[in-house]
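Structure at a glance
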There are 2 protein chains.
Amino acid sequence: MTPKQQILETLRNASAPISGEQLSTQLSISRTMVWKHIQSLLDEGYDIEAIRKKGYVLNKLQEPLSENTLTPYLETETYARQLMILESCSSTQKVAKEWLVTNSFDGMLIVSEEQTEGKGRLNRSWNSTKGKGLWMSWVIKPAILPHEAPPITLVAALAIAHAIEQITTLQVDIKWPNDLLIDGKKVGGILTELQSTPEQIEAIILGIGLNVNHQQEDFEESIQKIATSLAIHHETPIYRSQLLAEIALQLEVAIRQFEKEGFAPFRERWIRHSPMIGQHVTAQTVRETIQGVAVGINEYGALLVETSQGVIPLFSGDVTLSKRKLDF
Amino acid sequence: MTPKQQILETLRNASAPISGEQLSTQLSISRTMVWKHIQSLLDEGYDIEAIRKKGYVLNKLQEPLSENTLTPYLETETYARQLMILESCSSTQKVAKEWLVTNSFDGMLIVSEEQTEGKGRLNRSWNSTKGKGLWMSWVIKPAILPHEAPPITLVAALAIAHAIEQITTLQVDIKWPNDLLIDGKKVGGILTELQSTPEQIEAIILGIGLNVNHQQEDFEESIQKIATSLAIHHETPIYRSQLLAEIALQLEVAIRQFEKEGFAPFRERWIRHSPMIGQHVTAQTVRETIQGVAVGINEYGALLVETSQGVIPLFSGDVTLSKRKLDF
């Protein structure tokens, strides 16, 4: 570790301000050098406050994502063991696709502090404010056949909900197929893109957007009523690097299990996370509108909707809670 | 049209040598200018022979692919109406994927005189000798759902066979799922790659390699016994631009029909092109080896193999004719 990295580590682990003199003694460098390293860290985007007569305090929440901040928390085998951390990009999905033209790695992570053209499902735009959330794409190559891929979105949603629940005291709901909600408002979303030949999956690109440290006013007016962040519901602030490492771990564990056992072992947990089950819903698919009660999910990840014509498995579409009660 | 293009057009349509004097009179330019334009065409790769006391003859078969050589033959609506013609590239599939990151067009054609890393199915290498064949990728966005995509390979194989049969006197066989054969030897292949979300197809990239003007000795020794070209079986040479335009047309027509009517209307024609039907075959899939008689194809494009355990639909795999006769 360079002296600069040592200073950063010391500040990161400190529970009280650390004086320049302490750092100078501990690292056996001059106080001028300590000051120079602090300046350099400030230039890199670290928020370090100098409290008069006490010392330096690192604001961990404003820490930029970096290999240095992430790696200490990482417990995965391959996930995020190759990674690209960007200041800004159009969208991490696009960067992932470009990367995939000439590269390949199961668990490649692309994360960006900001996306200028972030997209959700069906090409809907996704707000990706600088430094406030986790805007990322995972390139994975699960050992499954192309037709086995659809439930991946649900498995990923569960893994992310689980990661959030490990790091915070929050309860996250899943709205089929790809939204993460807290108190009925959207806190995150997943966009799954498959690249395959008829024989095999070349790659799945899991695009994940997660609102972490936004305040309500950070959201554009048009989405203030429907969007939320983890921080809005949580007493203590959330350290993005730690959350990202936990997401990496939970994703890896879940997708390894899915490869071996399919969606079956996830069904019960998924239903527990889905308050929509048992409710009257309206589903809009590419071809029709279906009304009925969401009664469960099948082994292919299709939402089961009980209608007057029987139970219909829904493979894709937009589902909303109906306002009126069920008639039959 | 510039004088140079006029010279090219005149040579292209000529049935006998055209003298410099004729060109000079016809275009009202000096004979020196005629000579300069001919030099410039030679530099561009055109094979123009100057026959003493007679005049210039253009060797159409050695004509490089270009928008100028292709467009006069093109009768499509959108197919090949955007195109990229390359001297050389790693593989047109890679170029197509790169192009797709920031672009979109239904019928985009990428064709290259040479591929340095051409690939067939299952990442097998594909020999793509400079100027001898048609090495290309089509980016298409058919109005079908992701799960409806699999028969696209078969539809494309039929369209290409049909295009070859329109331009030549040859009979092309199809070997399920993606090979084109003449006299039992491989003349072409198709590699289908799908990019999709669970809801919609983002793009299908049809990679097509077709051996056109190779002589037998143009093939590497390792594949001389199994590879062939159109020219080897055809009396008159084949003009690549004309063939490519016919492929564009037949692909467009076939895929438009497939969008509306599915694979059903193609089944009969496909079976007529497939001498494997009725034969005893061995099929190697990712998970098992199946022996039986190829008895047909279903509406999803799966090969139906009658085995001692009943008829098995085969969705992917390698199929070869068995040497022994069927026992049951």
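Residues numbered from 1 in each chain as written. Chains lettered and ligands numbered in written order. Predicted model: local features only at pLDDT ≥ 70, side-chain atom pairs only at ≥ 80, totals over all residues. Heavy atoms only, no water.

Identification of chain A as Bifunctional ligase/repressor BirA from Chryseomicrobium palamuruense is taken from an unreviewed UniProt entry. For chain A, the Function (unreviewed entry) comment in UniProt is given as "Acts both as a biotin--[acetyl-CoA-carboxylase] ligase and a repressor." The Sequence similarities (unreviewed entry) field of the UniProt record for chain A holds the comment "Belongs to the biotin--protein ligase family." (UniProt positions renumbered as here; feature names shortened; annotations may be inferred.)

Some remarks on the environment of A:Lys225
The residue A:Lys225 is located in the loop between β9 (201-211) and α7 (230-233) in this model. Owing to a relative accessible area of 76%, A:Lys225 belongs among the exposed residues under this scheme. (Helix = DSSP H or I, 4+ residues; strand = E, 2+ residues; numbered from the N terminus. Buried < 20%, exposed > 50% of the residue type's maximum accessible area, 1.4 Å probe, protein only.)

What about the interface of chain B and chain A?
Contacts between the two partners involve 25 residues from chain B, matched on the other side by 25 residues from chain A. Carbon and sulfur atoms supply 57% of the area buried between chain B and chain A, which totals about 2,200 Å² over both sides. When the buried area of chain B at its contact with chain A is split by residue, B:Val101, B:Pro198 and B:Glu199 rank highest and sum to 26% of it. Where chain B meets chain A, there are zero salt bridges. Along the contact surface separating chain B from chain A lie two residue pairs in polar contact (both at pLDDT 80 or more). Of all the secondary-structure elements, those providing two or more residues to the side of chain B that touches chain A are α5 (92-102) and β8 (185-196) of chain B. The dominant element in the side of chain B that touches chain A, judged by the number of residues it contributes, is β8(B), at six residues. (Contact = heavy atoms within 4.5 Å. Buried area = accessible area lost by both parts, 1.4 Å probe. Salt bridge = Lys/Arg side-chain N within 4 Å of Asp/Glu carboxyl O. Polar contact = N/O pair within 3.5 Å; in protein donor to acceptor, adjacent residues only side chain to side chain.)

Some points on helix α8 (residues 240-261) of chain B
Between the first and last C-alpha of α8(B) there are 31 Å, a value that for 22 residues agrees with the 32 Å anticipated at 1.5 Å per step. Looking at the residues trailing α8(B), positive phi occurs at B:Gly262, about 75°. (Expected span 1.5 Å × (residues − 1).)

Quick notes on the UniProt feature "DNA-binding region" (unreviewed entry) in chain A
This chain's UniProt record puts "DNA-binding region" (unreviewed entry) on residues 20-39 of chain A. Here residues 20-39 of chain A runs as 85% helix and 0% strand, with 12 Å between its end C-alpha atoms.

A few points about the relation of the copies chain B and chain A
Of the transformation superimposing chain B on chain A, the axial component is 0.0 Å and the angular component is 180°, with the fit at an RMSD of 0.1 Å. The transformation relating the two chain copies, once decomposed into turn and shift, fits a two-fold axis. When C-alpha distances to the rotation axis are compared across chain B, the minimum falls at B:Gln195, with a value of 2.3 Å. Taken together, the interface assignments show that 100% of the residues at the interface of chain B recur at the interface of chain A, consistent with an identical surface on both copies. (Least-squares fit on C-alpha atoms with pLDDT ≥ 70 in both.)

Here's the deal with the nonpolar core
Core analysis: the largest hydrophobic core is formed by 65 residues, its most contacted members being B:Trp138, B:Leu206 and B:Leu251. A per-element tally of this core places helix α6 (residues 152-167) of chain B first, with eleven residues. Counting only domains with at least three residues in this core, you end up with domain 2 (67-272) and domain 3 (280-321) of chain B. Once residues within four sequence positions are removed from consideration, B:Leu206 is found in contact with B:Gln93, B:Met136, B:Ser137, B:Trp138, B:Ile140, B:Ile152, B:Ala156, B:Ile190, B:Leu191, B:Thr192, B:Leu251 and B:Ile255. Counting 64 residues, the second-largest nonpolar core is a separate cluster that includes A:Leu170, A:Leu230, A:Ile238 and A:Ala248. (Core = buried A, V, L, I, M, F, W, Y, C linked by side-chain atoms within 4.5 Å. Domains from an automatic or database assignment.)

Comments concerning α5(B)
Side chains three or four residues apart in an α-helix point the same way, a direct result of the helix having 3.6 residues per turn. Counting buried residues in α5(B) gives eight out of eleven residues, a clear majority hidden from the surface. The complete set of buried residues in α5(B) reads B:Thr92, B:Gln93, B:Val95, B:Ala96, B:Lys97, B:Trp99, B:Leu100 and B:Val101. Considering only its buried residues, α5(B) is in contact with α5 (92-102) of chain A together with β3 (83-86), β4 (108-112), β5 (133-140), β8 and β9 (201-211) of chain B.

A closer look at the pairing of strand β1 (residues 48-51) of chain A
Residues and elements named next belong to chain A. Pairing of β1 with strand β2 (residues 55-58) involves four bridges; the strand directions are antiparallel. Bridge pairing links Ile48 to Leu58 in β2. Between the end of β1 and the start of β2, which pair antiparallel, lie three residues, with Lys53 showing a positive phi angle near 65°. (Pairing = 2+ DSSP bridges.)

Section: the sheet that holds strand β12 (residues 303-307) of chain A
All names here are of chain A. In spatial order, the strands read β13-β12-β11-β10-β14; together these five strands make up an open sheet with antiparallel pairing. Strands with a single pairing partner mark the edges of an open sheet, and in this sheet they are β13 (310-314) and β14 (318-321). The average undirected angle you get between the axes of adjacent strands in this sheet is 45°. Sheet topology note: the β12/β13 ladder contains five bridges and is antiparallel. Counterpart to Val305 in the pairing with β13 is Ile312. (Axes fitted to C-alpha atoms, helices over the stretch in contact; angles between N-to-C directions.)

Digging into the sheet that holds strand β14 (residues 318-321) of chain B
All names here are of chain B. Across the sheet, five strands lie side by side as β13-β12-β11-β10-β14; this open sheet has antiparallel pairing. Across the chains shown, the open sheet's two edge strands, defined by having one partner strand only, are β13 (310-314) and β14. The mean angle between the axes of side-by-side strands here comes to 45°, regardless of whether they run parallel or antiparallel.

A few points about the pattern of salt bridges
Inspection of every chain in the model, using the stated rule, returns 24 salt bridges over all chains. Where A:Glu117 meets A:Lys94, a salt bridge forms, and the shortest distance between an N and an O atom there is 3.4 Å. One end of the pair, A:Glu117, is in the loop between β4 (108-112) and β5 (133-140); the other, A:Lys94, is in helix α5, and 23 residues separate them in sequence. Taking relative accessible area as the criterion, A:Glu117 reaches 38% and is therefore assigned partly exposed. Its salt-bridge partner being B:Lys97, residue B:Glu193 comes within 2.8 Å of it at the nearest N-O pair. Residue B:Glu193 is located in strand β8, and its partner B:Lys97 is located in helix α5; the two are separated by 96 residues in the primary sequence.

Remarks on the packing of α5(A) against α5(B)
Orientation of α5(A) relative to α5(B), taken along the N-to-C sense of each, is 170°, at an axis distance of 9 Å. With respect to α5(B), the axis of α5(A) lies roughly antiparallel. In contact with A:Lys94, A:Lys97, A:Glu98, A:Val101 and A:Thr102 of α5(A), α5(B) contributes B:Lys94, B:Lys97, B:Glu98, B:Val101 and B:Thr102. Its residues placed into classes, the contact of α5(A) with α5(B) shows two nonpolar, two polar and six charged. (Parallel < 35°, antiparallel > 145°, perpendicular 65-115°, else oblique. Nonpolar A, V, L, I, M, F, W, Y, C, P; charged D, E, K, R; others polar.)

Regarding the packing of aromatic side chains
Residues and elements named next belong to chain B. Applying the stated criterion across every chain yields a total of six aromatic pairs over all chains. With centroids separated by 5.7 Å and ring planes inclined at 75°, the aromatic side chains of Tyr73 and Tyr239 adopt a geometry described as edge-to-face. Of this pair, Tyr73 sits in the loop between α4 (67-70) and β3 while Tyr239 sits in the loop between α7 (230-233) and α8, and the two are 166 residues apart along the sequence. Residue Tyr73 is classed as partly exposed on the basis of its relative accessible area of 29%. You can call Tyr239 buried: its relative accessible area is 6%. Relative to Phe266, the ring of Phe263 has its centre 6.3 Å away and its plane inclined at 20°; by these criteria the two rings are stacked. Assessed through its relative accessible area of 1%, Phe266 is described here as buried. (Phe/Tyr/Trp six-rings, centres within 6.5 Å; stacked < 30°, edge-to-face > 60°.)

Quick word on the domain arrangement of chain A
Along its sequence, chain A is carved into domain 1 (3-58), domain 2 (67-272) and domain 3 (280-321). Here the C-alpha centroids of domain 1 of chain A and domain 2 of chain A sit 33 Å apart.

Describing the side chain of B:Asp179
With respect to the helices, strands and loops of the structure, B:Asp179 is situated in strand β7 (residues 179-182). Setting aside chain neighbours within four positions, we find B:Asp179 in contact with B:Asp173, B:Ile174, B:Lys186, B:Gly188 and B:Gly189.

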